[in-house]
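# Coordinate inspection notes
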Amino acid sequence: MTLYTALLSVFVVLQIAVGLWIGRRMRSAEDFFVAGRNLPAPLVFATFLAANIGAGSTIGAASLGYSVGLGGWWWNASAGLGSVIFALWAGPKLWTLARTHHFLTLGDFLEWRYSQTIRVVASILTWVVSLSILAGQLLGASSILQVVAGLPKWVGAVTAAGVVVAYFVAGGLLSSAWVNLVQLAVKLSGFAIALPLALGTVDGWTGLRSSGVLADRYFDFTGGGSGSTLWLIALLAPAFIVSPGLVQKAYGAIDARAVRIGVGANAVALLAFAIVPVTLGMIARVHHPHLASADLALPVLLGSDLPPLVGALTLASVFAAEVSAADAVLFMLSTSLSQDLYRRFLAPDANDGQVVRVARWSAGIAAAAGLGMALVLPTVVDALKIFYSVLTVALFVPVVGALLWERPSSVEALAAMGVGLSVMLLLSLPGVSQDIAGIPPVVGGLIGASIGFGGAAALRRTR
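Residues numbered from 1 in each chain as written. Predicted model: local features only at pLDDT ≥ 70, side-chain atom pairs only at ≥ 80, totals over all residues. Heavy atoms only, no water.

### Considering the overall build of the protein chain
- A count of helical and extended segments in the protein chain gives 21 helices and zero strands.
- Burial analysis of the protein chain (463 residues in total) assigns 60% to the buried set.
- Residue pairs at least 24 apart in sequence account for 85% of intrachain contacts in the protein chain once pairs closer than 6 positions are excluded. (Helix = DSSP H or I, 4+ residues; strand = E, 2+ residues; numbered from the N terminus. Buried < 20%, exposed > 50% of the residue type's maximum accessible area, 1.4 Å probe, protein only. Contact = heavy atoms within 4.5 Å.)

### Considering empty space enclosed by the protein
- Applying the stated criterion to the full structure yields two cavities of 30 Å³ or more.
- Approximately 270 Å³ is the volume found for the largest cavity.
- When contributions to the lining of the largest cavity are tallied by element, the ones reaching two or more residues are helix 3 (41–52), helix 4 (56–67), helix 5 (73–101), helix 7 (116–149), helix 11 (239–242), helix 12 (244–251), helix 16 (308–346) and helix 18 (380–404).
- Residue composition of the lining of the largest cavity, grouped by class: 17 nonpolar, eight polar and one charged. (1 Å grid on protein atoms, 1.4 Å probe; cavity = no way out; pocket = protein on both sides within 12 Å on 5 of 7 lines; lining within 4 Å. Points joined across faces, edges and corners; volume = space filled by probe spheres on them. Nonpolar A, V, L, I, M, F, W, Y, C, P; charged D, E, K, R; others polar.)

### What to know about helix 14 (residues 275–287)
- Across its 13 residues, helix 14 extends 19 Å between first and last C-alpha, which sits within 8% of the 18 Å expected from 1.5 Å per residue.
- Burial within helix 14 is extensive, with 10 of its 13 residues counted as buried. (Expected span 1.5 Å × (residues − 1).)

### Focus: the nonpolar core
- Counting 137 residues, the largest nonpolar core has Phe86, Phe109 and Tyr388 as its most contacted members.
- Sequence-distant contacts of Tyr388, that is, excluding residues within four places in its chain, are made with Trp75, Ile133, Leu235, Leu236, Ala239 and Phe240. (Core = buried A, V, L, I, M, F, W, Y, C linked by side-chain atoms within 4.5 Å.)

### Structural notes on the packing of aromatic side chains
- Applying the stated criterion to the full structure yields 11 aromatic pairs.
- Their ring planes at 25° and their centres at 5.7 Å tell us that Phe240 and Tyr388 sit as a pair that is stacked. Pair noted here: Phe240 is in helix 11 and Tyr388 is in helix 18, with a separation of 148 residues, a long-range link.
- An aromatic cluster of three or more residues is present, and its members are Trp73, Trp74 and Phe221. (Phe/Tyr/Trp six-rings, centres within 6.5 Å; stacked < 30°, edge-to-face > 60°.)

### Some words on the side chain of Gln339
- Of note, Gln339 is situated in helix 16.
- If near-sequence neighbours (up to four positions away) are discounted, Gln339 is found in contact with Phe33, Leu104, Thr105, Asp108, Arg119, Arg344 and Val355.

### Things to note about helix 3
- The terminal C-alpha atoms of helix 3 lie 16 Å apart, and with 12 residues this matches the ideal 16 Å at 1.5 Å per residue to within 8%.
- Most of helix 3 is tucked away: 10 of the 12 residues are buried.
- Burial in helix 3 covers these residues: Ala41, Leu43, Val44, Ala46, Thr47, Phe48, Leu49, Ala50, Ala51 and Asn52.

### Notes on the packing of helix 4 against helix 14
- Axis separation between helix 4 and helix 14 bottoms out at 7 Å; the angle between their running directions is 50°. One way to sum up the angle between helix 4 and helix 14 is to call them oblique. Judged by the twist between their axes, the crossing of helix 4 over helix 14 is right-handed. Of helix 14, the residues touching helix 4 (which contributes Ser57, Thr58, Ala61, Ala62, Gly65 and Tyr66) are Pro277, Val278, Gly281, Met282, Ala284 and Arg285.
- Here the residues of the contact of helix 4 with helix 14 are counted per class, giving seven nonpolar, four polar and one charged. (Axes fitted to C-alpha atoms, helices over the stretch in contact; angles between N-to-C directions. Parallel < 35°, antiparallel > 145°, perpendicular 65-115°, else oblique. Left-handed = near helix turned anticlockwise from the far one by under 90°.)

### What about the side chain of Arg37?
- Structurally, the position occupied by Arg37 is in the loop between helix 2 (29–34) and helix 3.
- Separated by 2.6 Å, the side chain of Arg37 and the backbone oxygen of Phe103 make a polar contact.
- When near neighbours in sequence (up to four residues on either side) are disregarded, Arg37 contacts Glu30, Ala98, Arg99, His102, Phe103, Leu104, Tyr251, Gly252, Ala253 and Ile254. (Polar contact = N/O pair within 3.5 Å; in protein donor to acceptor, adjacent residues only side chain to side chain.)

### A closer look at the pattern of salt bridges
- For the structure shown, the criterion picks out five salt bridges.
- Between Arg119 and Asp108 there is a salt bridge, with its nearest N and O atoms 2.5 Å apart. Remark: Asp108 occurs in helix 6 (residues 106–113) and Arg119 occurs in helix 7; sequence separation between them is 11 residues. We note that Arg119, like Asp108, is buried.
- One salt bridge in this structure joins Asp340 and Arg119, with 2.9 Å as the shortest N-O distance. Placement of Asp340 in helix 16 and of Arg119 in helix 7 is noted, with a sequence separation of 221 residues between them. Residue Asp340 shares its accessibility class with Arg119, and that shared class is buried.
- In this structure, a network of salt bridges that share partners links the residues Asp108, Glu111, Arg119, Asp340 and Arg344. (Salt bridge = Lys/Arg side-chain N within 4 Å of Asp/Glu carboxyl O.)

### Comments concerning the environment of Val355
- On the secondary structure map, Val355 appears in helix 17 (residues 352–374).
- Residue Val355 is classed as buried on the basis of its relative accessible area, which comes to 0%.
- Through-space distance from the C-alpha of Val355 to that of Thr335 is 8.9 Å; in sequence the pair is 20 residues apart.
- Those residues in contact with Val355 that sit more than four places away from it in its chain are Phe33, Ser338, Gln339, Arg343 and Ala350.

### Focus on a nonpolar patch on the surface
- Together, Trp154, Val158, Leu375 and Val376 make up an exposed nonpolar region whose accessible area comes to about 420 Å².
- Within the secondary structure layout, Trp154 lies in helix 8 (residues 153–200). (Patch = residues over 30% accessible without salt bridge, like charges linked within 9 Å, V, L, I, M, F, W, Y side chains within 5 Å. Areas by Shrake-Rupley, 256 points an atom, 1.4 Å probe, with all protein chains shown as cover.)

### Regarding the environment of Ser362
- Inspection of the secondary structure puts Ser362 in helix 17.
- Counting along the chain gives 27 residues from Ser362 to Thr335, while the straight-line C-alpha distance between them is 8.4 Å.
- Residues in contact with Ser362, not counting those within four places in the same chain, are Trp127, Ser334 and Leu337.

Right, here's the structure in full:
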């Protein structure tokens, strides 16, 4: 494992060095929060795709490929579908409003359209549930270090957290966008080389189908004919339209055209990439059918069944995926706390230096809290489901409603959040969703949020 450890160490140092170097160019809070609103389309593409190809898109999708087969394609494909809508509609509209009104966070938009109350509720919800997705990224990175260097789970998670905090606090979105470009180059090249070589170990796609290890259901895009993985569309597509971290990255674009092109190219890349980790997970099933955890499918395959140099490069690619997604979460958490809560309510007269300092400290606090969750959550997919479920149900209807309708009130937004989350919680109780036509909790939550928003609007109009 010396080659693997050496290459990964070099890559870690490179990421930190680039982040610190770019961080020297940061001059204001606007640089930290939205990169000076100066990101061209290629950097928008890089920072979006780097954030979107994380633990769920690699370790998690390969885990689904290992467990259910081609149905796992929907994990990344659903994110791609949501990104298409963001690129063509929500993103340019939000960018235009942000440029006009100087928004730095999604909370700024929500207060402008609704009220301070909605800003606070959304910020608190974002903080609470975002720790779970941060934990998911750290879990993914720790599984790589577990295979490469034999590090215990907690040591790997601490190492990954240290790397991302080191370069993120240097310059916020300004640093992250450039580090993401480096990470993306490593990710895509690693997977592009690894996939054909991995298929070669099972004599190609035909050999994979005739291996005798994978049942027919593994080659069904619905996850075995039951539609059990199609619910991923409802779980993930809306989240990639309203995620605070992605919205704030869009704010950093130089113009609305850069949002459309950059995010649109990211969507196409996600749809194409979706098959890669799933196929690798299926190949891992053939070679290692009795792994203790499906989360180990990708790192074990790369570390055991590919030429050492290719395996090392691709393991570095996966580590880059987890770290880049983790910095997107830290960005979301630190900017939310410093701008939406600290500057807005605790210290309205705070200058840029004070706000950035709070953002940096909050990034460290978030990383520590995410570490705690990473040590208790069992798998990457479990961690990410928590985040996407709550984010989708709580924010999708209020944000979309605010973009479609110019006169919503905080009553509609609170009704959507309250009813939606309550319905989702009810359906999450053991056996309940199966008793109600098999409705997945996140779908029921979205329906409840829509009813709550529409019902509150109708009542307000009758008064």
